[in-house]
Amino acid sequence: MQELEQSYKIIGDNVYRFRVLNHMTQEELAEYSNVSGAYISQIERANLHKGITCTVIINIAKALGVPVCVLMSEKPCQHYLEYLNNVAIHRTTDENSAIASSSSSN
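Summary of the structure given here. Note that this is a predicted model, so its numbers are computed, not measured.

What counts, and at which threshold
- Here the residue index of a chain counts from 1 through its sequence in written order.
- Residue-level local features of this predicted model are given only where pLDDT is at least 70; pairs of side-chain atoms are given and counted only at 80 or more, and the full residue set underlies all totals for whole chains, interfaces and linings.
- Computation of side-chain values: all heavy atoms of the structure, hydrogens and water removed.
- Axes here mean lines fitted to C-alpha atoms, for a helix over just the part in contact, with angles spanning 0 to 180 degrees between N-to-C directions.
- Secondary structure elements are defined from DSSP: runs of H or I of at least 4 residues count as helices, runs of E of at least 2 residues count as strands, and each element is numbered from the N terminus.
- The scheme is simple: roughly parallel for angles under 35 degrees, roughly antiparallel for over 145, roughly perpendicular for 65 to 115, oblique for anything else.
- A contact between two residues is defined here by any heavy atoms of the two lying within 4.5 Å.
- Under the scheme applied, nonpolar residues are Ala, Val, Leu, Ile, Met, Phe, Trp, Tyr, Cys and Pro; charged residues are Asp, Glu, Lys and Arg; polar residues are all the others, including Gly.
- Among the buried residues, those of types Ala, Val, Leu, Ile, Met, Phe, Trp, Tyr and Cys that are joined through side-chain atoms within 4.5 Å form a nonpolar core.
- With a 1.4 Å probe rolled over the protein chains alone, any residue whose accessible area is under 20% of its type maximum counts as buried; one over 50% counts as exposed, and the rest are partly exposed.
- Should a side-chain nitrogen of Lys or Arg be within 4 Å of a carboxyl oxygen of Asp or Glu, the pair is scored as a salt bridge.

Comments concerning the packing of helix α2 (residues 26–33) against helix α3 (residues 37–44)
Packing of α2 against α3 leaves a shortest axis separation of 8 Å and a crossing angle of 110°. When the interaxial angle is binned, α2 and α3 end up roughly perpendicular. On α3, the residues that touch Gln26, Glu27, Leu29 and Ala30 of α2 are Gly37, Ile40, Ser41 and Glu44. Here the contact of α2 with α3 is composed, by residue class, of three nonpolar, three polar and two charged.

Laid out in structure tokens, this is it:
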């Protein structure tokens, strides 16, 4: 049973991490994943009484824009690292655009 609880914790930590990276609230992720906000909260806290279905994991992964394996990975896998790199590139581009816009308006 501890192994299963550890798996839920890994999934919950990854859902939280990628939700925050996507600047999403639990309610937004819930809406995009077709589940309740309370259920997203339970998943992130690994406070599940019945487990998580494959359908829910797939829907959450789609809503977060990551492969399912990323949510289930204990260690950073190649997909996980690629996603983090893409987030960093987009942030840098967006930040540079914001700086350029504010500089040109001065």
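Don't stop here, the text continues.
Some thoughts on the nonpolar core
Soluble globular proteins tend to pack their nonpolar side chains together in the buried interior. Ranked by internal contacts, the top residues of the largest apolar core, which has 21 residues, are Ile43, Ile52, Ile60, Leu64 and Leu71. Elements that contribute at least two residues to this core include exactly α1 (2–21), α2, α3, α4 (54–64) and α5 (68–72). Residues contacting Ile43, with those up to four places away along its chain left out, are Tyr8, Ile11, Gly12, Val15, Leu48, Ile52, Val56 and Ile60.

A few points about the pattern of salt bridges
Close approach of charged atoms allows side chains of opposite charge to pair. Going through the model one piece at a time under the given rule, you end up with two salt bridges. Of the charged contacts in the structure, one is a salt bridge between Lys9 and Asp13, with a shortest N-O distance of 3.0 Å. Here the residue Lys9 and the residue Asp13 both occupy positions in helix α1, the gap between them amounting to four residues, near one helical turn. Look at Lys9 and you get partly exposed, because its relative accessible area is 41%. Residues Arg19 and Glu44 are paired through a salt bridge, measuring 2.5 Å at the closest nitrogen-oxygen approach. Residue Arg19 is found in helix α1, and its partner Glu44 is found in helix α3; the two are separated by 25 residues along the sequence. The pair formed by Arg19 and Glu44 is uniform in burial state, with each residue classed as buried.

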